[in-house]
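What the coordinates show
Spelled out from the first residue to the last, the chains are:
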Amino acid sequence: MSSNFAFLATYWPDIAQIGAAAEDYLYSDPNACVYKLGLLGERIALKILNFEGIPFEEGDTQADRLKILKQEGLLPPTVDDLFYSIRKARNDAVHAQLDSVDAALLLLRKAHSLSLWFMGVYGDGLHRDED
């Protein structure tokens, strides 16, 4: 069965692999699924910062990176909301051991929407491998 994140593999195989791993964990370990989706969100934010040539500190948190992207006007409100949901759920998974398949499935859908937006803005002809 192909991953719903396979479309990312053309430009960002690392992000596609993280999405596929999150899908694999959905039913067996929803907490690990959510953790992987948080990692996916972090990778996307880092790729955007690199692509846009925006400096950031090595020790910046995901919240710091998202604040920078938002200040730069790079995140439409719906995308900012997706990033926030994923970041918040990952924090909850790390600290509170989320065990809800339904919550993980909802987050998978949000991560997929984020990935589609990312591909639409930074993929297909616009991508430059600047990592």
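See above for the structure.
What you see is a predicted model, and the numbers here were worked out from it, not measured in a lab. (Residues numbered from 1 in each chain as written. Predicted model: local features only at pLDDT ≥ 70, side-chain atom pairs only at ≥ 80, totals over all residues. Heavy atoms only, no water.)

1. Some details on the pattern of salt bridges
Tallied over the full model, the rule gives 5 salt bridges. One salt bridge connects arginine 43 with aspartate 14, and the closest N-O pair in it is separated by 3.2 Å. Residue arginine 43 is located in helix α2 (residues 30-52), and its partner aspartate 14 is located in helix α1 (residues 13-25); the two are separated by 29 residues in the primary sequence. Of the residues examined, arginine 43 reaches a relative accessible area of 30% and is grouped as partly exposed. Given a relative accessible area of 26%, aspartate 14 falls into the partly exposed group. We note a salt bridge from aspartate 14 to lysine 47, for which the minimum N-O separation is 3.5 Å. Within this pair, whereas aspartate 14 is found in helix α1, its partner lysine 47 is found in helix α2, the two being separated by 33 residues in sequence. (Salt bridge = Lys/Arg side-chain N within 4 Å of Asp/Glu carboxyl O. Helix = DSSP H or I, 4+ residues; strand = E, 2+ residues; numbered from the N terminus. Buried < 20%, exposed > 50% of the residue type's maximum accessible area, 1.4 Å probe, protein only.)

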